[in-house]
Amino acid sequence: MGVKLIAANRRARFDYEVRETFEAGLVLLGSEVKSLRNHGASIAESFAQVKAGEAWVMGMHIAPYSFAREGGHDPLRPRKLLLHRREIERISSRVAERGLTLVPLRLYFRDGKAKLEIALAKGRTKVDKRQVIREREQRREIERGIRQVGRRLGGF
């Protein structure tokens, strides 16, 4: 069946240096799943954390489903992440000792089940962000030059 992307946090890879990624399931209500199928979600302002041996995602907005009974769900409620105990222990120890943070990267359906890709990441400083921009622009210039040379050689 494959992967169907619902939402992506494109800014995360710019603001953070991603060290390690994990795929987590989500505990959702029926109206939340229906809303996700309509692409009614945003993970741009969200973050994840470990509390009392359980992983949670906070600030993830899932729009209310218009046809839900009894008012549906709270759009910004904390949602539990489904991870193996060893993964949760590894994440919590890394966050505590190295000052890393948990950042959601993508929200998608895999084989009909909602999944959230989270990453252990270290925040970038302004200097680091400038360096990333500089490297990206240099790569574009190199690719542009290669294409121009290819056009010149192909024109003979």
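What counts, and at which threshold
- Residues numbered from 1 in each chain as written.
- Predicted model: local features only at pLDDT ≥ 70, side-chain atom pairs only at ≥ 80, totals over all residues.
- Heavy atoms only, no water.
- Helix = DSSP H or I, 4+ residues; strand = E, 2+ residues; numbered from the N terminus.
- Rg over C-alpha atoms; globule rule 2.2 N^0.38 Å.
- Buried < 20%, exposed > 50% of the residue type's maximum accessible area, 1.4 Å probe, protein only.
- Contact = heavy atoms within 4.5 Å.
- Areas by Shrake-Rupley, 256 points an atom, 1.4 Å probe, with all protein chains shown as cover.
- Expected span 1.5 Å × (residues − 1).
- Salt bridge = Lys/Arg side-chain N within 4 Å of Asp/Glu carboxyl O.
- Pairing = 2+ DSSP bridges.

To continue, consider the overall build of the protein. Across its full length, the protein carries 4 helices and 9 strands. Along the protein, from the amino end to the carboxyl end, the secondary structure elements read β-α-β-α-β-β-β-β-β-α-β-β-α. A compact globule built from 156 residues would reach a C-alpha radius of gyration of about 15 Å, whereas the protein, at 20 Å, exceeds it by more than 25%. Taking all 156 residues of the protein together, the buried fraction comes to 31%. Sequence-distant contacts, at least 24 apart, represent 70% of the contacts inside the protein between residues at least 6 apart. In the form shown here, the protein has an accessible surface area of approximately 10,300 Å², with 50% of it arising from carbon and sulfur atoms.

It is worth spelling out helix 3 (residues 85-98) at this point. Compared with an ideal rise of 1.5 Å per residue, which puts 14 residues at 20 Å, helix 3 spans 20 Å between its outermost C-alpha atoms and is within 8% of the ideal. Two residues or fewer after helix 3 comes Gly 99, characterised by a positive phi angle close to 70°.

With respect to the helices and strands, the residue Ser 35 is situated in helix 2 (residues 30-37). Overall, the relative accessible area of 4% leaves Ser 35 in the buried class.

Positive phi, normally seen in glycine, also occurs at His 39, with a value near 60°. With respect to the secondary-structure elements, His 39 resides in the loop between helix 2 and strand 3 (41-42). Non-glycine residue Asp 111 carries a positive phi angle of around 55°. For Asp 111, the position within the fold is in the loop between strand 8 (101-110) and strand 9 (113-123). Relative accessible area serves as the criterion here: at 48%, Asp 111 is assigned to the partly exposed category.

All right, on to the pattern of salt bridges then. Tallied over the full model, the rule gives 12 salt bridges. The shortest N-O distance in the salt bridge between Arg 94 and Glu 20 comes to 2.6 Å. With Arg 94 in helix 3 and Glu 20 in strand 2 (residues 16-26), this pair connects stretches of sequence that are 74 residues apart. A salt bridge links Glu 32 to Arg 79; its shortest N-O distance comes to 2.9 Å. Here Glu 32, found in helix 2, pairs with Arg 79, found in strand 7 (residues 79-82); they are 47 residues apart in sequence, far enough to count as distant. The class for Arg 79 is buried, based on a relative accessible area of 0%. Via salt bridges that share partners, Arg 11, Asp 15 and Lys 129 belong to a single interconnected network.

Only one face of strand 7 is covered, namely the one carrying Arg 79 and Leu 81; the face carrying Lys 80 and Leu 82 has none of its residues buried. Pairing of strand 2 with strand 7 involves 2 bridges; the strand directions are antiparallel. When the sheet's bridge partners are listed, Gly 25 is paired in strand 7 with Leu 82. Judged from the 3 bridges that link them, strand 5 (residues 54-58) and strand 7 form a sheet pairing that is antiparallel. Bridge pairing in strand 7 places Ala 55 opposite Leu 81.

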